[in-house]
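Survey of secondary and tertiary structure
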Amino acid sequence: MTMRTTQAGALKVGELARKTGKTVRALRLYEELGLMRPGRSDGGFRLYGPDDIARVYWISKLQDMGFSLSQIQNLVSTVEGSSTAPEAMQSLREMFRGRLSQTRAQVERLLQLERDLAESLAYLEGCRACTGDHHLDDCVSCDSVHADTQAPSLVAGIHLTGAPLPTSSLVRPRTDPA
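Residues numbered from 1 in each chain as written. Predicted model: local features only at pLDDT ≥ 70, side-chain atom pairs only at ≥ 80, totals over all residues. Heavy atoms only, no water.

Secondary structure summary: the chain contains 6 helices and 2 strands in total. In the chain, the order of α-helices and β-strands from amino to carboxyl end is α-α-β-β-α-α-α-α. Long-range pairs, those at least 24 residues apart, make up 53% of the contacts in the chain with a sequence separation of at least 6. For the chain, the computed accessible surface area is about 13000 Å², with 55% contributed by carbon and sulfur atoms. (Helix = DSSP H or I, 4+ residues; strand = E, 2+ residues; numbered from the N terminus. Contact = heavy atoms within 4.5 Å. Areas by Shrake-Rupley, 256 points an atom, 1.4 Å probe, with all protein chains shown as cover.)

If you trace the backbone, T20 turns up in helix α1 (residues 13–20). In this structure T20 touches I53, V56 and Y57, once residues within four positions along its chain are discounted.

The next point concerns the confidence of the model for the chain. Interpretation of the predicted coordinates at a detailed level should be avoided for regions scoring low in pLDDT. Averaged over every residue, the pLDDT of the chain is 82; the share at 70 or more is 76%. For the chain, per-element mean pLDDT is lowest for helix α6 (residues 153–156), which scores 81, and highest for helix α2 (residues 24–32), which scores 96. Long-range and interchain partners of residues 1–6, a stretch whose pLDDT sits below 50, account for 12 contacts in this model, where long-range means more than four residues apart. Throughout residues 163–174 the model reports pLDDT below 50, and contacts reaching past four residues in sequence, or to other chains, amount to 2 contacts. (pLDDT = per-residue confidence, 0-100.)

Moving on to α2. Among the residues of α2, A26, L27 and Y30 are the ones counted as buried. Considered in projection along α2, the buried side chains sweep an arc of 100° and stay on one side of the axis. With respect to the buried face of α2, the exposed residues turned more than 90 degrees away are R25 and E32. Looking one or two places after α2, you find G34, whose phi comes out positive at around 80°. (Buried < 20%, exposed > 50% of the residue type's maximum accessible area, 1.4 Å probe, protein only. Arc of directions from axis to C-beta.)

This paragraph deals with the packing of helix α3 (residues 50–64) against helix α4 (residues 69–81). For the pair α3 and α4, interaxial distance at closest approach is 10 Å and the crossing angle is 125°. One finds that α3 runs oblique with respect to α4. When the axes of α3 and α4 are compared, the crossing they make is right-handed. Together, R55, W58, I59, L62 and Q63 of α3 and L69, I72, L75 and V76 of α4 make up the contact between the two elements. Across the contact of α3 with α4, the residue classes tally to 7 nonpolar, 1 polar and 1 charged. (Axes fitted to C-alpha atoms, helices over the stretch in contact; angles between N-to-C directions. Parallel < 35°, antiparallel > 145°, perpendicular 65-115°, else oblique. Left-handed = near helix turned anticlockwise from the far one by under 90°. Nonpolar A, V, L, I, M, F, W, Y, C, P; charged D, E, K, R; others polar.)

Let's shift gears to the environment of L47. Mapped onto the elements of the fold, L47 is located in strand β2 (residues 46–47). It is 5.3 Å that separates the C-alpha atoms of L47 and L11, two residues lying 36 residues apart in sequence.

If you walk through the whole model with that rule in mind, you get 1 aromatic pair. A centroid spacing of 6.4 Å and a plane angle of 65° characterise the contact between F67 and F96, whose relative ring orientation is edge-to-face. Residue F67 is located in the loop between α3 and α4, and its partner F96 is located in helix α5 (residues 85–127); the two are separated by 29 residues in the primary sequence. Across from the ring centre of F45, 4.3 Å away, lies the NZ or CZ of K12, which sits over that ring. For the cation-ring pair, R99 lies above F67, with the distance from its terminal atom to the ring centre recorded as 4.2 Å. (Phe/Tyr/Trp six-rings, centres within 6.5 Å; stacked < 30°, edge-to-face > 60°. Lys NZ or Arg CZ within 6 Å of the ring centre and 35° of its normal.)

As structure tokens, then:
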């Protein structure tokens, strides 16, 4: 059922797209998925109000958090299908708790990466003082600048030892159908 509206200040789809930074195609997809239900003008144009603007920003925020449109669609269905408000909010709490846990784990991974990068950059700053004219493979045994320091994993991984890898450790393309 489409509602007819003559609301002053209502936006057409192109205006909503410009205001929110979304494409008209994305907004129509949101409607198709049941994430938005615009009103209609007497001429049949989609009309959007402040609640629709808030809904687009909400969808964007959930996508930024890693939710797919399908997951957002399920979230909306779950909330709308709840028999009571507390039941609806419990569903949201559970989903958000799960996402918070995943986000915290991702933050920890990123913080470890930050530490690895900072450690590697500090190590590599010492390489600026290297005066030896030598081959890259010789850096692994550098004792002029890094005598007391072991190369961080991001730096150590670049060095070649010269020893060939055993054939069994090489990655081979899959030949079996997936």
